Amino acid sequence: MRERTGSPVHLGGLLDPDAATVHAGYLARGLRRAAVARGVKIYERSPMLELDREEGVVRTPSGSVEAQAVVLALNAWALQIPELRRAIVAVSSDMIATAPMPELLSESGWTGGECISNSRLMVHYYRTTRDGRIAFGRGGGRLAFGARVDANFDFNRRQTNKLKQELPQLVPAAAGVPVTHAWGGPIDRSRDGLPVIGCLRGRCALVYATGFSGNGVAPSLTAAKILASSALGRDDEWSGSGLNRGAPARFPPEPIRFAGGLVVREAVRRKERREDEGKGVDPLTRRVAALAPSGFFRVSREDD
């Protein structure tokens, strides 16, 4: 583990040599180029102001678009849709990036480009970049009350300072290296960690996908095929996918969801902090922390 990660703190790990990392920004730009090359018209900086569900019209500040089917791909902003408000919660994911430090990375042994995530519920995830930086992040920082996903999710100084403290604890080679970038964003967390895909009110002229729970880059390809098949009215393996199930599990309504989320989050923080320090965790803290969505789900078969 130390040879792969440059860190002595990991107790063990699982290496997936067939996995790959994808730069989501480059992926989006590449998809844009491919769409434009095929004649697709893309209207950027055109926020949706209103959706006419009956007529299939999306209104923007500069005009409107009418279509036979509308695809809602909104991530955490799906909270603005009343039917989806209790299907997901918005939690922050915050990141920092160091100045280039290729020599220090070489000395530590972390030279294979491995992308690392740990098994904490408030997961740390980090990787090296081509110019020798470390990009380091953690999920589960802030919670949104109701549908309020605002600029507080873009950057938070308190979370940034916390990440600056945690980085050298996990990667000692980063001690003393300046942090040059910091940013954040909302994660659309579902109850079981699976995407929430379906049709609004049973009408497949309005289809949606949300709830990717921080793992959306790879599953978005599958979700896109499901959405396209549903929007086009096809009856095939994609529209009939088990993921095309709507919102099977919902969070409590506000303000119970927000207040309960704060209590559970603090219990998780206390549990993981004490575990990091090699201390015991009291039964109450462990029990409350267990209420957090774990990402595990039960699969049942029709013939069970």
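Residues numbered from 1 in each chain as written. Predicted model: local features only at pLDDT ≥ 70, side-chain atom pairs only at ≥ 80, totals over all residues. Heavy atoms only, no water.

A. Structural context of unusual backbone geometry. Each neighbour pair has its own omega, and for Glu254 with Pro255 the value is 0°, a cis peptide bond. For Pro255, the location among the structural elements is in the loop between α5 (219-231) and α6 (256-276). Look at Asn75: it is not a glycine, yet its phi comes out positive at around 55°. In this structure, Ser213 is a non-glycine residue whose phi angle is positive, near 60°. (Helix = DSSP H or I, 4+ residues; strand = E, 2+ residues; numbered from the N terminus.)

B. View of the environment of Leu284. With respect to the element layout, Leu284 can be found in helix α7 (residues 283-289). Between the C-alpha atom of Leu284 and that of Ala267, which follows or precedes it by 17 residues, the distance is 8.7 Å.

C. Geometry of the confidence of the model for the chain. Per-residue confidence for the chain averages 89 on the pLDDT scale, and 96% of its residues sit at or above 70. Here residues 296-304 is a poorly scored stretch, pLDDT under 50, and it has 3 contacts once near neighbours within four places are set aside; other chains count. (pLDDT = per-residue confidence, 0-100. Contact = heavy atoms within 4.5 Å.)

D. Representation of the pattern of salt bridges in the model. Evaluation of the coordinates by the stated rule reveals 17 salt bridges. Its salt-bridge partner being Lys271, residue Glu275 comes within 3.0 Å of it at the nearest N-O pair. Taken as a pair, Glu275 and Lys271 lie in helix α6 at a separation of 4 residues, close to a single helical turn. A single network of salt bridges, built from pairs that share partners, joins Glu50, Asp52 and Arg59. (Salt bridge = Lys/Arg side-chain N within 4 Å of Asp/Glu carboxyl O.)

E. Focus on the environment of Pro82. The residue Pro82 is located in the loop between β4 (70-72) and β5 (88-98) in this model. Measuring from C-alpha to C-alpha, the distance between Pro82 and Ala147 comes to 9.4 Å, with 65 residues separating the pair along the chain.

F. Structural view of the sheet that holds strand β1 (residues 50-52). Strand order across the open sheet formed by 3 strands is β1-β2-β3, with antiparallel pairing between neighbours. Every interior strand has two partners, whereas the edge strands, β1 and β3 (63-66), have only one. In this sheet, neighbouring strand axes are inclined to one another by 20° on average, regardless of whether the strands run parallel or antiparallel. Inspection of the sheet shows strand β2 (residues 57-60) paired to β3 by 4 bridges, in the antiparallel sense. (Pairing = 2+ DSSP bridges. Axes fitted to C-alpha atoms, helices over the stretch in contact; angles between N-to-C directions.)

G. Geometry of the sheet that holds strand β9 (residues 179-190). Spatial ordering of the open sheet is given by β6-β7-β8-β5-β9, a layout of 5 strands whose pairing is antiparallel. The outermost strands of the open sheet, each flanked by one partner alone, are β6 (116-117) and β9. Strand direction decides the pairing type here: strand β7 (residues 124-128) and strand β8 (residues 134-143), joined by 5 bridges, are antiparallel. Opposite Tyr126, over in β8, you have Phe136 as the bridge partner. Lying on the sheet, helix α4 (residues 157-170) is in contact with β5, β7, β8 and β9; it crosses β8 at an angle near 135°. Strands β5 and β8 of the sheet are contacted by α6, whose axis makes an angle of about 135° with β8.

H. Summary view of the nonpolar core. Leu72, Leu79, Ala90, Val149, Leu200 and Tyr208 are the most contacted members of the largest nonpolar core, which totals 20 residues. For this core, the elements supplying multiple residues, two or more each, are β4, β5, β10 (196-200) and β11 (203-210). Beyond its immediate chain neighbours, meaning those up to four positions away, Tyr208 contacts Leu72, Leu84, Val196, Ile197, Gly198, Cys199, Leu200, Leu227, Gly246 and Ala247. Core analysis: the next-biggest nonpolar cluster, separate from the first, contains 16 residues, Trp110, Ile116, Leu163 and Leu167 among them. (Core = buried A, V, L, I, M, F, W, Y, C linked by side-chain atoms within 4.5 Å. Buried < 20%, exposed > 50% of the residue type's maximum accessible area, 1.4 Å probe, protein only.)

I. Structural view of the pairing of β5. Of all 11 residues making up β5, 11 are buried, and the element is well covered by its neighbours. Here β5 shows a buried face lined by Ile88, Ala90, Ser92, Asp94, Ile96 and Thr98 and a second buried face lined by Val89, Val91, Ser93, Met95 and Ala97. Pairing of β5 with β9, which is carried by 11 bridges, proceeds in the antiparallel orientation. By the bridge assignment, Thr98 is partnered in β9 with Val179. In the sheet, β5 pairs with β8 via 6 bridges, with the strands oriented antiparallel. Along β8, the bridge assignment pairs Val91 with Leu143.

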